[in-house]
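An overview of the molecular structure
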Amino acid sequence: MEDGIVHGGGSALAYATNALKSVKTSNDDQKIVVDIETTSVSPHTGTLLGIALSTRQHQGIYVSIDIVNNHIHWFHDLFMEKLCIFHNSKFDTNYLETEMGFVFPKYEDTMLLHYLIDENPGTHGLKQLAMKFTKFGDYEKPMYDWIDNYRKEKGVLKNDFTWDSIPFEIMKTYAAMDAVVTFQIYEKFVKIKQTGSGKTLHNISSYRYQKWENHFKSIIDGAILSDTKSKCLHFWIGKNNFYKSYICGSSFRSRSYCAYKWYYLRSCYWVVTQPR
């Protein structure tokens, strides 16, 4: 793993610029892992601390937010061009879209991909997947040991601790490793999705990869497919071929026999699978 981008300006900024240039063209299939560090679970109450990136096995970098702000147009173009890979994309994209204005026309989510392998709750965290599918094990432990020592020395309660208290030199390795691990598990999980021949793969919870062409004439105004059999919501919009999918919890109604019913609501086409 690369050591990560150092914090600050001057020579550090020059190093960051060179490192970021190499990221943009570093793999042939145009994919990049994106992971963020923040002070809160919500962009409305917290701030973005930095972005970790990985484009190849065993290599990752962590970019502090001041470097990101100095290269914001570069990052915008990068995310528009690449297939962005997240773990729990709803969290990362919420921050990056709300706070930074970034757009992600193409992305994958390793958490959702793992749902296709194992639908049981409580098994989809990045740490759990790192322990199960990679050789990195509990790579977070040194940082959490630092946090425990910091709290004891400063008398800080667990609920009062915020991640901006962690020095960049401590954070950078952990953050970059998040991206490295996500890249590795993506490589393992990606075959669960549609194969190159167009054949759809199924998992134990009957997940079905959906194509909008099978249900809609156009997605210019937006289209939503609610699939009650696979307990998954699919959303497309024509601009930049934007697509998202959400796997729902056990409360989502599921039936073996479904029929499609069409809706048109506020300029957005819907199709919902319902029991016959």
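Residues numbered from 1 in each chain as written. Predicted model: local features only at pLDDT ≥ 70, side-chain atom pairs only at ≥ 80, totals over all residues. Heavy atoms only, no water.

**So, the layout of surface pockets**
As a reminder of what qualifies: Using only the protein atoms, space was sampled on a 1 Å grid; points where a 1.4 Å probe fits but cannot get out form cavities, open sets with protein on both sides within 12 Å along at least five of seven lines form pockets, and lining residues are those with an atom within 4 Å of a point. Grid points are joined across faces, edges and corners, and a volume is the space filled by probe spheres set on the points. Helical segments are the DSSP runs of H or I of at least four residues, strand segments are the runs of E of at least two, and each set is numbered from the N terminus. For this classification, Asp, Glu, Lys and Arg are treated as charged, while Ala, Val, Leu, Ile, Met, Phe, Trp, Tyr, Cys and Pro are nonpolar and the rest, including Gly, are polar.
Size it by volume and the largest pocket reaches roughly 480 Å³. If you trace the largest pocket, you find 18 residues lining it, with Ile-36, Glu-37, Phe-91, Tyr-174 and Asp-178 closest to the centre. Counting residues per element, the ones that place at least two in the lining of the largest pocket are strand S1 (31-38), helix H4 (89-99) and helix H8 (168-189). Per-element accounting of the lining of the largest pocket gives the leading share, four residues, to S1. Looking at side-chain class alone, the lining of the largest pocket contains seven nonpolar, six polar and five charged residues.

**Digging into the packing of aromatic side chains**
For any pair of aromatic rings, the description rests on two quantities: the centre-to-centre distance and the angle between the ring planes. Quick reminder of the rule: Only the six-membered ring of Trp is used, alongside the rings of Phe and Tyr, when aromatic pairs are assigned; centres must lie within 6.5 Å, and planes under 30 degrees apart are stacked while those over 60 apart are edge-to-face, with the rest tilted. Per-residue accessibility, obtained with a 1.4 Å probe over protein chains only, is compared with the maximum for each type, and a residue is labelled buried under 20%, exposed over 50%, and partly exposed between these values.
Applying the stated rule across the entire model yields 15 aromatic pairs. Measuring from ring centre to ring centre gives 5.1 Å for Phe-133 and Phe-189, while their planes differ by 90°; the resulting arrangement is edge-to-face. Here Phe-133, found in helix H6 (residues 126-133), pairs with Phe-189, found in helix H8; they are 56 residues apart in sequence, far enough to count as distant. With relative accessibility at 23%, the residue Phe-133 sits in the partly exposed group.

**Details of the pairing of strand S3 (residues 59-64)**
Two faces, one strand: in a regular strand the side chains alternate between the faces of the sheet. The criterion, for reference: When DSSP finds two or more bridges between a pair of strands, those strands are recorded as paired.
Across the six residues that make up S3, a large majority, five, are buried. Relative to S3, strand S2 (residues 48-56) runs antiparallel, the two being bridged by five bridges. Each residue of the ladder has a partner; that of Ala-52, found in S3, is Tyr-62. Connecting the antiparallel pair S2 and S3 is a turn made up of two residues, with His-58 showing a positive phi of about 70°.

**Quick notes on the environment of Asp-77**
Tracing the backbone through its elements, the reader meets Asp-77 in helix H3 (residues 72-81). Remark: the alpha-carbon pair of Asp-77 and Phe-104, spanning 27 residues in sequence, is separated by 9.9 Å.

**Points about the side chain of His-114**
Our working rule: Residue contacts are counted whenever heavy atoms from the two residues lie within 4.5 Å of one another.
Here His-114 lies in helix H5 (residues 110-117). Residue classification places His-114 among the buried positions, given a relative accessible area of 1%. Setting aside residues up to four positions removed in sequence, His-114 forms contacts with Thr-123, His-124, Leu-129, Phe-133 and Phe-189.

**Details of unusual backbone geometry**
In terms of backbone geometry, most residues other than glycine have negative phi values and most peptide bonds are trans. Of note in this structure, His-58 is not a glycine but carries a positive phi near 70°. Along the polypeptide, His-58 turns up in the loop between S2 and S3. Of note, Asn-88 is a non-glycine position whose phi angle comes to about 70°, a positive value.

**Points about the nonpolar core**
As a reminder of what qualifies: The nonpolar core is taken to be a set of buried Ala, Val, Leu, Ile, Met, Phe, Trp, Tyr and Cys residues, with the residues joined through side-chain atoms within 4.5 Å.
The biggest cluster of nonpolar side chains holds 27 residues, and the ones touching the most others in it are Tyr-62, Tyr-139, Met-143, Ile-166, Met-171, Val-181 and Ile-185. At the level of elements, S2, H5, H6, helix H7 (141-154) and H8 are the ones that each hand at least two residues to this core. Residue contributions to this core peak at 12 residues, all from H8. Setting aside residues no more than four positions away along its own chain, Tyr-139 makes contact with Leu-126, Ala-130, Tyr-174, Met-177, Asp-178 and Val-181. By size, the runner-up hydrophobic cluster in this structure holds 22 residues, among which are Leu-53, Phe-86, Tyr-95 and Phe-102.

**Looking at the confidence of the model for the protein chain**
Here is the rule we go by: For every residue, the pLDDT score states the predictor's confidence, bounded by 0 at the bottom and 100 at the top.
Summing up the model confidence of the protein chain, the mean pLDDT is 76 and the portion of residues at 70 or higher is 69%. Within the model, the stretch residues 196-205 combines pLDDT values under 50 with 19 contacts to residues more than four positions away or in other chains.

**Here's the deal with H7**
What counts here: Here the expected span of a helix is defined as 1.5 Å times the quantity of residues minus one.
Its 14 residues give H7 an end-to-end C-alpha distance of 20 Å, which sits within 8% of 20 Å, the value for a rise of 1.5 Å per residue. Positive backbone phi, at 65°, marks Gly-155, one or two positions downstream of H7.

**Regarding the pairing of strand S4 (residues 83-86)**
Relative to S4, S1 runs parallel, the two being bridged by three bridges. Note on S4: the bridge partner recorded for Val-33 is Ile-85. Looking at chain direction, S4 and strand S5 (residues 107-109) are connected through three bridges and run parallel. Residue Phe-86 lies in a different strand from S5, and its bridge partner there is Asp-109.

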